[in-house]
Amino acid sequence: MNPILYLIVPCYNEELVLPKTYQVLCAKIQSMIAHNLIAPTSAIVFVDDGSKDQTWKVLNTLLHNCPPPRNRFCSTLPFSTNYSA
């Protein structure tokens with residue numbers, strides 16, 4: 001049985017780098033699943049930590065425009081306030 005990987009990606013004002021970050025991380029997790037390094041139930045969660053830019057919009061556009069199976073293991077979560085230390 002392969003381990004389940006949950007990758008949490010905090011995002012704060014990241015609209016400019018999100019498309020590339022999303023592409024790289026999704027490709028990596030797909031490869032790890034294909035090579036049986038992690039379980040197919042593994043997931044990436046992008047957390048918008050109260051961004052003031054268009055981070056949330058970019059995340060949702062990426063998620064909804066990506067063909068399966070990418071959106072099978074990616075999700076987004078918004079916070080209204082930045083909770084960084």
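Residues numbered from 1 in each chain as written. Predicted model: local features only at pLDDT ≥ 70, side-chain atom pairs only at ≥ 80, totals over all residues. Heavy atoms only, no water.

1. Here's the deal with a nonpolar patch on the surface
At step 1: The grouping of I4, Y6 and I8 at the surface amounts to a nonpolar patch, some 340 Å² of accessible area in total.
At step 2: Mapped onto the secondary structure, I8 falls in strand 1 (residues 6–11).
At step 3: Classification of I8 as exposed rests on a relative accessible area of 51%. (Patch = residues over 30% accessible without salt bridge, like charges linked within 9 Å, V, L, I, M, F, W, Y side chains within 5 Å. Areas by Shrake-Rupley, 256 points an atom, 1.4 Å probe, with all protein chains shown as cover. Salt bridge = Lys/Arg side-chain N within 4 Å of Asp/Glu carboxyl O. Helix = DSSP H or I, 4+ residues; strand = E, 2+ residues; numbered from the N terminus. Buried < 20%, exposed > 50% of the residue type's maximum accessible area, 1.4 Å probe, protein only.)

2. Re the side chain of D48
At step 1: Its location among the elements puts D48 in strand 2 (residues 43–49).
At step 2: Buried charge without a partner: D48 forms no salt bridge, and the closest opposite charge is K52, 9.0 Å away.
At step 3: Polar contacts involving the side chain of D48 include one to the main-chain amide nitrogen of W56, which spans 3.5 Å.
At step 4: If we ignore the near neighbours within four places in the chain, the residues touching D48 are C11, T55, W56, L59, L77, P78 and F79. (Lys, Arg positive; Asp, Glu negative; His and termini not counted. Polar contact = N/O pair within 3.5 Å; in protein donor to acceptor, adjacent residues only side chain to side chain. Contact = heavy atoms within 4.5 Å.)

3. Digging into the nonpolar core
At step 1: C11, L18, Y22, I44, F46 and C74 are the most contacted members of the largest nonpolar core, which totals 15 residues.
At step 2: Looking at this core, the elements that each hand over two or more residues are strand 1, helix 1 (18–34), strand 2 and helix 2 (55–65). (Core = buried A, V, L, I, M, F, W, Y, C linked by side-chain atoms within 4.5 Å.)

4. Some details on the packing of aromatic side chains
At step 1: Summed over the entire model, instances satisfying the criterion amount to one aromatic pair.
At step 2: Measuring from centroid to centroid gives 5.5 Å for Y22 and F46, while their planes differ by 35 degrees, and the two rings are tilted. Of this pair, Y22 sits in helix 1 while F46 is found in strand 2, placing the two residues 24 residues apart along the sequence. (Phe/Tyr/Trp six-rings, centres within 6.5 Å; stacked < 30°, edge-to-face > 60°.)

5. Brief notes about helix 1
At step 1: With 17 residues, helix 1 extends 24 Å between its outermost C-alpha atoms, agreeing within 8% with the 24 Å of an ideal straight helix rising 1.5 Å per residue.
At step 2: Considered for burial, the residues of helix 1 that qualify are L18, Y22, C26, I29 and I33. The buried residues of helix 1 occupy an angular sector of 70 degrees when the element is viewed end-on, so they sit on one face. Set apart from the buried face of helix 1 by more than 90 degrees, the exposed residues are K20, K28 and A34.
At step 3: Residues of helix 1 that are buried make contact with strand 1, strand 2, helix 2 and strand 3 (74–79).
At step 4: Directly after helix 1, the chain includes N36, whose backbone phi takes a positive value near 55 degrees. (Expected span 1.5 Å × (residues − 1). Arc of directions from axis to C-beta.)

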